[in-house]
Every structure is written in C-alpha cells, then in structure tokens.
Amino acid sequence: MRKRDHNVLTNAASLLVCGLLAGVVVAAAAFPAVAMSGLAAKAGAETFGALPTELTVARAPQISYLLASDGKTPLATMYDENRRDVKLADISPYMQKAIIAAEDHDFYKHNGVDINGVARAFVNNQSDGGRQGASTLTMQYVRMAIAYSATHPADVVAATEDTSARKLREMRLALQVDKEFSKDEILTRYLNLAAFGNGAYGIYAASQVYFGKPPSKLTIEEAALLAGMVKAPTTNDPTTESGYPAALERRDYVIDNMVETKAITQPEADAAKAVELKVKDKRTPNGCVAANVNSWGFFCDYFYRWWMQQETFGSTTYDRERRLKSGGYTVVTSIDVQAQRGADKAVRKAKSEKSKEAAMVAVVEPGSGRVRALAVNRQFKLDDPRNPNNKISSDPAKSRKGIRGNYPATVNPLLTGGDGITGYQAGSTFKIFTIVAALEKGIPLSYSMNAPQQFRSEYKIQPGPAACPGTNLYCPTNSGLRAGGPQNMWTAFAQSVNTFFVPLQQQVGAENVVDAAKRAGIQFRTDEDLRLSGTKQDAHQWGAFTLGVSQTTPLDLANAYATLAADGKYCEPIPVQEIRDPDGNKLDVANPRCEKRFSTEVARAAVDAARCPVGDNSSTSKCGGSRTASRVKGIVDAPVAGKSGTTDSEKTAALVAMTKQYAVAGIMADPDWPQTNVEMGHDVPNGINPPVQETLRDAMKGKDRIQFEPPGQKISEGDQRSIPGVSCISVDQAKSRLKDAGFEPVVSDTKVKSSCPPNTAHGTSPDGRTIKGGVVTIQVSNGGGGATPGNPAGGQPGNTGRPGGRPGG
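Numbers given for residues are sequential positions, taken from 1 along each chain in its written order. Where totals are concerned, whole chains, interfaces and linings use all residues; where local detail is concerned, this predicted model gives features only for residues with pLDDT of at least 70, and gives and counts side-chain atom pairs only at 80 or more. The basis for every side-chain value is the complete set of heavy atoms in the structure, and neither hydrogens nor water enter the calculation.

Some thoughts on the overall build of the protein chain
And step 1. Within the protein chain, the secondary structure is distributed over 28 helices and 24 strands.
And step 2. Accessibility here uses a 1.4 Å probe with only protein chains present; expressed as a share of the type maximum, an area under 20% marks a residue as buried, one over 50% as exposed, and anything in between as partly exposed. For the protein chain, with 809 residues in total, the buried portion stands at 55%.
And step 3. Counted over contacts in the protein chain with a minimum sequence separation of 6, partners at least 24 positions apart contribute 72%.
And step 4. Accessible area of the protein chain: about 32,900 Å², with a carbon and sulfur share of 51%. Secondary structure elements are taken from DSSP: a helix is a run of H or I of four residues or more, a strand is a run of E of two residues or more, and numbering for both begins at the N terminus. Only heavy atoms enter the contact rule, under which two residues are in contact if any of them lie within 4.5 Å. Only the protein chains shown count as covering a residue, and every accessible area follows the Shrake-Rupley method with a 1.4 Å probe.

Put into structure tokens, the structure is as follows:
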C-alpha cells in the first residue's frame, strides 16, 4: 500500500535519470572509453527499466524469550541472530538522527535514490579510479532485505557483492520501496535489520549489548557510537583494543554530522564528545547452558525437547529449531519461581553437587499438567574435555578405564528421560496403580485379607532368590520379613505391605494394573519394560510390577499422581503457559491437553488411601497406626497424599507428596551406576524425603489449603455380601454358585493341599464376606490332604515385587 504521496513528475524524472546513469555506470565499469556515449545511455535506460520492481521481504530472524510463569522473570533466550524488532516510537530520536547523519543526510528529501550522490560518485570514481558508493539508507535496506529473503547461499552473495549490477538492482527497488513505505517505516526497518557487531542485530540488541538499556534511552554520544558502527562493525568495535580508537573517531565524526544536519547544536556536540566512551560488551546469553540461573537449565532443556516434538512449529526438527531460534516468540513457561527455588535449595541440602547420588525432584500441577519445577543436585553444563572437572564415574567398569561420570556437571535429562536416560525404580509408589485397578473392578478400599510374611504367587519367574524354594513361582516377602496380618487398602498402603498388594494385583490382573499406570501417565522406556507392558498376555505375568520394579522418571511419577489429585483427569506434562508470536498472537499449542481417564470416585478413593502413608487422614480413611512417611503432613502443613518407595538393597529411594495444587515426586539414585553399593535413605537429612517435603512446603507458601474430596461410601466400604461355601464341590459348580451370588469367580492356577477330592474346590480367597461383584478366587484341591476345606492353604495371597523378595517401603 502506498504510504505517502509522491510527485509523479519527480518520480518519472528519477527513473529517467537513474536509467541514464545506469548506462553510464555500466559502461564505465566495462568500457571506460565509451562511458559518456549516447549509446551507453540508451542501453542503460532500457536495461534499468527492465529490472524487477517487487521486493520480497521476509521477516528477519528474531530472538525468542523464555520467561517464568510470572511473565517477567527471565529464564533463557534463544536465537540464531540476536534481534528484536521495535517500533520507531521506542527508538531514541537521537538514534534516528544519528543514523541519518552517518549514512544519508538527504534521507527525507530524495525518493530512495540520491541522484546527486550517484552522479558525484561517478565523477569521483572516474577521476581517481576508486570506488565511491552512493547508497542511500533505502538502498542499504533493500540490500539487507534481499539477503534475508534469499533461499540459496548464492542469492546472499549476489545481494552483497560489489558490482554495478547489484547497485542498479538496488536503485530500481529503492525507488519502488520509497513509493510503498513512509520514510519513518523505512528508517524503522533499517534500524531493525542492521548489524552492529558482537552478535547484535538491530538497534534493540545493539543498545542492550553495548549499553544495557532499551533503545529509547540512548543518549547523543551512545546513538552516535552505534550509528558509526554500521559501516564497519568489526573495524569500529569499541570492545576491542584495536577497535576502540576507530570507534571513538567514528563516533565524533557522526556527532559532527549531526550538527551539520541540524539534529543537535554545537554545544550539545561538544558535550557529547567530552563524555568518556564506555561500553558493556554484554552479549545476550544463548540457550539453556546460559540460562538465567544455571540450575534452571534442566527445566529449560525439558522445554527445548518439548518444543522439538511439536509439529506446530514445523514438520522436521530442523524447522522447529529454526522457528524457536529465529521466530521471535515470547514464551511464558510453566516454571514456578517459588517452587523451583525451593526445590533447588532442598536437593542441594540433601546432596551436594559433587555427590554421585542424584537427588531429583519434579513438580507438576494437577489439572493442567504444567511442570512447575525440575531440580537435581547437578550443574547444567558440559564438562570441558580439555579441562575436565567431573569426577571419575561411579561405575566400576568405567572407573577402571578412567571414564568420567556425569557429576557435578551434566546436560542429560535426568529428571524427564530421553537420550539414554530410561529412569529409575520407584518401588512401592507403584502400589497406587494396583489400588486404582482394584477400585475399577469394584473392590472397595475396605477390602481386607490376611497378609502373610511370604506369599506364594501364581506368577512364574526364573528360579532364584525371588522364587519359592525349589519352584519357579514368585514368592515376595515383606520388609524385615514380617507378616502383614489382616490389612485393608488403607492400612496396607500406609505400611507398604507387599504381601497384600501382590495378591491383590493377582486378583485384578497385573495387565489391568499396568494399564492403570499407563493411563495415569507412566511411560516405559527400557526394552524389558516395553516387552512386559506390550500385550495383556505379557503384562499378566508381571508379578513384581506393583512393587515398582519398572523404570520411571520423577516427572512421570509426579504426573501420574497428579492425575489422581485432579479427580482422574490426565494432562500431558507441558512446560509452557503461554506462547506469543512476534505479532502478539497467542498460540493454542500452549493450552493444556487433558482428558478424563479415571472416574472421579476411583480417583478420590485412591487419593484417600494415599493420605495414609504421609501422615494424613480423611473422614473416611482407616489408616491404622504405622505409616512409612508420617512426617510429611506436619512439614507441609496442608492436606497431603503420597507414598514412599524403596528397591532392593535401597539402591533407589522415592517419595511422592501432593496437595490439590502440586504433585511432587522425588527419586534418589546413582544415574551413572544403577547397581550402586550406596544405600539411598528416606527420612534422614541426606535421604529423599526432605527434598520432596521441603519442596512441597515452599511451593505451598501463601497458597490456600484445599481439602481432598473424600470418596463415597460405596467405593470405600462396598456392597458387602456373604460368599457361599464351595468346599469339595466341582470347580464348575463352584463357579456357578459364586456367579449366582453376584461374584466374579476366578480359578487359581495353583493347587493347594486339601482333604477335598483332587481337582475339586477347596475354598475361596477371600472367604467370608466381600463386595458384590468382587473377584473371588476358587482354590483347587490337589487331594493330598492337609488343610481343612474352606480355609486357605498356606495363608492368604500376598507378595513383594522386588528381586530377592524384599518389599518396597
């Protein structure tokens, strides 16, 4: 669109004169003897008229800013070129006048091409054989615009090579640009495109790099310095010893020219020249390794990896990275400064950065999936191979070879997975998924069984420490080899009774427990975990799953529990709150991505049970006395739910603690050597409990204390019915009798010693009473005598899931 009126005769004259001069310039370059001939002028006019008049202008690369969730705290910047477009109103008038004084005195008078300047350059070049330019600001803008719009390297070269053909093209396009845009718009575009050295492109970046201020605040001497750098940024670089004198001389030259153009007075010029030249040389940080706070680099890296997966920003990873580093986005990330600072402090209080053990904490907001904090006792940076500071790897095989470990510095995604990081065992925190699967089968929280010291399961495994002696059947035990005794879901979860949860998982089907974990947000990354979780048939035999033997990350674990805190609404973990493009448009890609995956009643009942381990209660809970992480409630001082977890020999330790606003998951492990010989602690100063509960405490400062909604009576207590006797009748008769009574019969694969005839029903598990529609296992007699019919042989079902049969705390 035409922005200002032009005199038609003036434009026509400009075209004619440029055409004639074009012929002369071209001829002078090739055949000096005929440079002034009429033939040259005629040919030039025809050639000039045939040059293109449409300038394709692509948006120049723009820096992207990452901010914390408050919309103001800087997180990081990412760019290919450090540039941020600004409006002319946001540029100091001194800067506007300085660039005109330095490059084009007659900018507001000519029509894009300075005819007098072209003629003067021609005469001077003919007289002394030199190369004097006559480029106006508009022609320089055209040159930069062509280069930034180029799609091939050869086009960039053509746009900047010192040839008469390039000059002619610039002149022709400059005339057209001058028609289409106002002078102020051309000046704005020029100042936003120009390179100022030291990685600063455009006036906004230049004023930040050299003076640490916005361009609206530039003084006369500062504006003159920047204007003087455009012609030769490297030569006139004031940050170098050799460039400082040249920059000072050029600054004073521009100030003198500002007097000449009447932009300033002579006294103003004298005062500006008297100011000592001081520059900051503060290059804008680039990327996650240069995050505003080093420890925030792990969150920044998670954001970067998330961005690279979003098809919204391009079909290839190359396109997505270019959009991030050149698109000029303002990204309000989800990082909660209060929560992040609390997490950073807590993990380093438990373990120093030089410790091989990693204390890892992730914080997720239930109901949105927004990741509020990611913290680990590591520095986010690459260890310099020429001057390494990392310790020798804790892995003995690597240590013997002198290979260094990933501490204290690493850029590996320890908290979120990927790039070879498959996760860590989280122990008994996974028992929550067995509760969920059982609740979905209609089994209420009050469902009880007698948990023995060791449970002989029907899960087939390789003979070894976790198998019953002389068999291939999985036989888990409880921590300390203690018997669990009569337990319901509340008490069993509070005490982490393995021999309650393995038989419960066996009743509802391990495949359903695995499915519940998947729906909650648990991902499987190792080949073995992927194989076991791949089909229902494979998952059905995953007896140890409920004890947390698969690998997970703190982020997945926090998000899975957040799904339950949000009344069963799963939300994809997301590191952003808002993304705006350079024009201020909000992008939908930043919106939460949620769906209902569990019924509200199931989720609330699971959370009700999860209040027990961390020292809390509800009006419906029946937690009993013993709890595995009882101090969480008092430290956080809010309604809480969660669970602790431990693996064999305490090679890892985990804790989840959550409120309605935050789900915090922590895992302590040795990422370099998972088979560590260090015992990871829980409720000790250097254990995992303090980082988790202190992170949640700090995140909750100033927040409302919101109660979890208790579950209804039916899912808590169930519709209790008496189980009919089936002793010594045929299995088919037993199944029919149980179905008629409203139960779901399941026939045990393992026969028990019984005085009943072989292959008949010995009894049921559970016996007595259970909920209507609940699973009732028919125990089959081997006819060998022993147990009295109607009583379980060898005790009620139970199990642990850890190699060696130990429980997860």
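A word on the pattern of salt bridges
And step 1. Put simply, a salt bridge is a Lys or Arg side-chain nitrogen that is within 4 Å of an Asp or Glu carboxyl oxygen. Applying the stated criterion across every chain yields a total of 37 salt bridges.
And step 2. Residues Glu-222 and Lys-213 are paired through a salt bridge, measuring 3.0 Å at the closest nitrogen-oxygen approach.
And step 3. Its salt-bridge partner being Asp-252, residue Arg-251 comes within 3.1 Å of it at the nearest N-O pair.

With respect to the sheet that holds strand β19 (residues 663–669)
And step 1. Read from one edge to the other, the open sheet built from 5 strands follows the order β7-β6-β19-β18-β17, with strand pairing classed as antiparallel. If you trace the sheet from one side to the other, it starts and ends with β7 (371–376) and β17 (641–646), each paired once. For this sheet, the mean inter-axis angle between neighbouring strands, taken without regard to orientation, is 5°.
And step 2. Here the rule is simple: two strands pair whenever DSSP picks up at least two bridges between them. Relative to β19, strand β6 (residues 358–364) is paired through 7 bridges, and the arrangement is antiparallel. Across the sheet, Ala-362 pairs through a bridge with Ala-665, a residue of β19. Each axis is a line fitted through C-alpha atoms, taken for helices only over the stretch in contact, and angles between the N-to-C directions span 0 to 180 degrees.

Quick notes on the state of the cysteines
And step 1. Any cysteine sulfur atom paired with another within 2.5 Å is treated as part of a disulfide. Per the stated rule, a full pass over the model turns up 5 disulfides.
And step 2. Between the sulfur of Cys-612 and that of Cys-623 lies a disulfide, 2.0 Å long from S to S. Because the torsion about its S-S bond is -70°, the bridge between Cys-612 and Cys-623 counts as left-handed. Residue Cys-612 is located in the loop between α24 (600–610) and α25 (632–636), and its partner Cys-623 is located in the loop between α24 and α25; the two are separated by 11 residues in the primary sequence. In this structure, Cys-612 and Cys-623 share a single accessibility class: buried.
And step 3. The disulfide partner of Cys-728 is Cys-756, and the gap between their sulfur atoms is 2.0 Å. Sign of the S-S torsion, about -75° for the bond between Cys-728 and Cys-756, identifies this disulfide as left-handed. Here Cys-728 is found in the loop between β20 (720–722) and α28 (731–740), whereas its partner Cys-756 is found in the loop between β21 (744–752) and β22 (761–765), with 28 residues between them in sequence.

What about the sheet that holds β21?
And step 1. In space, the 3 strands of this open sheet follow the order β21-β24-β22, with mixed pairing throughout. Unpaired on one side and paired on the other, β21 and β22 mark the two borders of the sheet. Geometrically, the sheet is characterised by an average inter-axis angle of 30° between neighbouring strands, direction not taken into account.
And step 2. As paired elements, β21 and strand β24 (residues 775–781) share 6 bridges and run parallel to each other. Residue pairing across strands places Lys-751 opposite Val-780, the latter belonging to β24.

Quick notes on the pairing of β17
And step 1. Counting buried residues along β17, 6 of its 6 residues qualify, which places the element largely inside the surrounding structure.
And step 2. Direction of pairing for β17 relative to strand β18 (residues 653–658): antiparallel, over a ladder of 6 bridges. Bridge pairing in β18 places Ala-641 opposite Met-658.
And step 3. Where β17 folds back on β18, the antiparallel hairpin that results is connected by 6 residues, among which Ser-649 adopts a positive phi of roughly 60°.

A word on the side chain of Gln-661
And step 1. For Gln-661, the position within the fold is in the loop between β18 and β19.
And step 2. A polar contact of 2.6 Å, which involves the side chain of Gln-661, links it to the backbone oxygen of Asp-704. Two N or O atoms form a polar contact when they lie within 3.5 Å of each other; inside protein one atom must be a possible hydrogen donor and the other a possible acceptor, and for residues adjacent in sequence the pair counts only when both atoms belong to side chains.

Focus: helix α13 (residues 297–307)
And step 1. Among the 11 residues in α13, 9 count as buried, and that is most of the element.
And step 2. When α13 is considered as a whole, its buried residues turn out to be Gly-297, Phe-298, Phe-299, Cys-300, Asp-301, Tyr-302, Phe-303, Trp-306 and Trp-307.

Observations regarding the confidence of the model for the protein chain
And step 1. Averaged over all residues, the pLDDT of the protein chain is 88; the fraction at 70 or higher stands at 87%.
And step 2. pLDDT is a residue-level measure of predictor confidence that goes from 0 to 100. When the criterion is pLDDT under 50, residues 24–48 qualifies, and its contacts beyond four places in sequence or with other chains add up to 32 contacts.
And step 3. Note on residues 791–807: pLDDT is under 50 here. Beyond four places in sequence and across chains, it has 92 contacts.

Description of the packing of helix α5 (residues 137–149) against helix α8 (residues 183–193)
To describe two helices that pack against each other, one gives the angle between their axes and the distance between the axes.
And step 1. The interhelical angle for the contact between α5 and α8, taken along N-to-C directions, is 50°, at an axis separation of 10 Å. Considering their axes alone, α5 and α8 lie oblique with respect to each other. Like other packed secondary-structure pairs, α5 and α8 cross with a definite hand, here left-handed. Where α5 approaches α8, its residues Leu-137, Thr-138, Gln-140, Tyr-141, Met-144, Ala-145 and Tyr-148 are matched on the opposing element by Lys-183, Ile-186, Leu-187, Arg-189, Tyr-190 and Leu-193.
And step 2. Here the nonpolar group is Ala, Val, Leu, Ile, Met, Phe, Trp, Tyr, Cys and Pro; Asp, Glu, Lys and Arg are the charged ones; every other residue, Gly included, is treated as polar. Per-class residue counts for the contact of α5 with α8 are 9 nonpolar, 2 polar and 2 charged. When describing relative orientation, an angle under 35 degrees is termed roughly parallel and one over 145 degrees roughly antiparallel, while 65 to 115 degrees is termed roughly perpendicular and anything else oblique. Working rule for handedness: look at the near helix, and if it is turned counterclockwise from the far one by less than a right angle, call the crossing left-handed; if clockwise, right-handed.

Structural notes on the packing of aromatic side chains
And step 1. Here a Phe, Tyr or Trp ring, Trp counted by its six-membered ring, pairs with any other such ring whose centre lies within 6.5 Å, and the pair is stacked when the planes are under 30 degrees apart, edge-to-face when over 60, and tilted otherwise. Evaluation of the coordinates by the stated rule reveals 14 aromatic pairs.
And step 2. Between Phe-524 and Phe-545, the ring centres sit 6.1 Å apart and the planes meet at 55°, which makes this aromatic pair tilted. Here the residue Phe-524 occupies a position in the loop between α20 (510–520) and α21 (527–534), and Phe-545 occupies one in the loop between α22 (536–540) and β13 (551–552), the gap between them amounting to 21 residues.
And step 3. The exposure class of Phe-524 is buried, given its relative accessible area of 11%.
And step 4. Aromatic side chains Trp-542 and Phe-545 sit 4.8 Å apart centroid to centroid with 55° between the ring planes, which places their arrangement in the tilted category.
And step 5. Residue Phe-545 is classed as buried on the basis of its relative accessible area, which comes to 0%.
And step 6. Note on geometry: a ring has a charge over it if NZ (lysine) or CZ (arginine) is within 6 Å of the ring centre and within 35 degrees of the ring normal. In this structure, Lys-183 is placed above the aromatic ring of Phe-107, and the distance from its NZ or CZ to the ring centre is 4.7 Å.

Considerations on the nonpolar core
And step 1. Within the largest apolar cluster, 111 residues are counted, with the highest numbers of intra-cluster contacts made by Trp-307, Phe-433, Ile-435, Phe-500 and Ile-579.
And step 2. Per element, the largest residue contribution to this core is 8 residues, and it comes from helix α23 (residues 554–565).
And step 3. If we ignore the near neighbours within four places in the chain, the residues touching Trp-307 are Phe-313, Arg-320, Arg-323, Leu-324, Tyr-329, Val-331 and Ile-579.
And step 4. Formed by 59 residues, the second largest nonpolar core is a distinct cluster that contains Leu-173, Ile-186, Ala-223 and Ala-263. Only buried Ala, Val, Leu, Ile, Met, Phe, Trp, Tyr and Cys residues count toward a nonpolar core, and they belong to the same one when joined by side-chain atoms within 4.5 Å.

Overview of the pairing of strand β2 (residues 74–78)
And step 1. Counting buried residues in β2 gives 4 out of 5 residues, a clear majority hidden from the surface.
And step 2. The pairing of strand β1 (residues 64–67) with β2 spans 4 bridges and is antiparallel. Counted as the bridge partner of Ser-64 is Met-78 from β2.
And step 3. Taking the residues between adjacent antiparallel strands as the criterion, β1 and β2 are bridged by 6 residues, where Gly-71 takes a positive phi near 75°.

Observations regarding the side chain of Ser-135
And step 1. Topologically, Ser-135 is positioned in the loop between α4 (115–128) and α5.
And step 2. Here Arg-143 takes part through its side chain, which lies 2.9 Å from a polar atom of the side chain of Ser-135.
And step 3. Here the side chain of Ser-135 touches Lys-167 through a polar contact of 2.7 Å, side chain to side chain.
And step 4. Leaving out residues up to four positions away in the same chain, Ser-135 has contacts with Glu-103, Gln-140, Arg-143, Arg-166, Lys-167 and Glu-170.

Here we look at helix α3 (residues 93–103)
Since there are 3.6 residues in each turn of an α-helix, residues three or four apart along the chain are aligned in direction.
And step 1. Of all 11 residues making up α3, 8 are buried, and the element is well covered by its neighbours.
And step 2. Of the positions making up α3, those classed as buried are Met-95, Gln-96, Ala-98, Ile-99, Ile-100, Ala-101, Ala-102 and Glu-103.
And step 3. Next to the buried residues of α3 lie α5, α8, α9 (202–211), α10 (220–229) and α11 (243–260).

A few points about the environment of Thr-234
And step 1. Inspection of the secondary structure puts Thr-234 in the loop between α10 and α11.
And step 2. Sequence separation between Thr-234 and Asn-198 is 36 residues, and the spatial gap between their C-alpha atoms is 8.3 Å.

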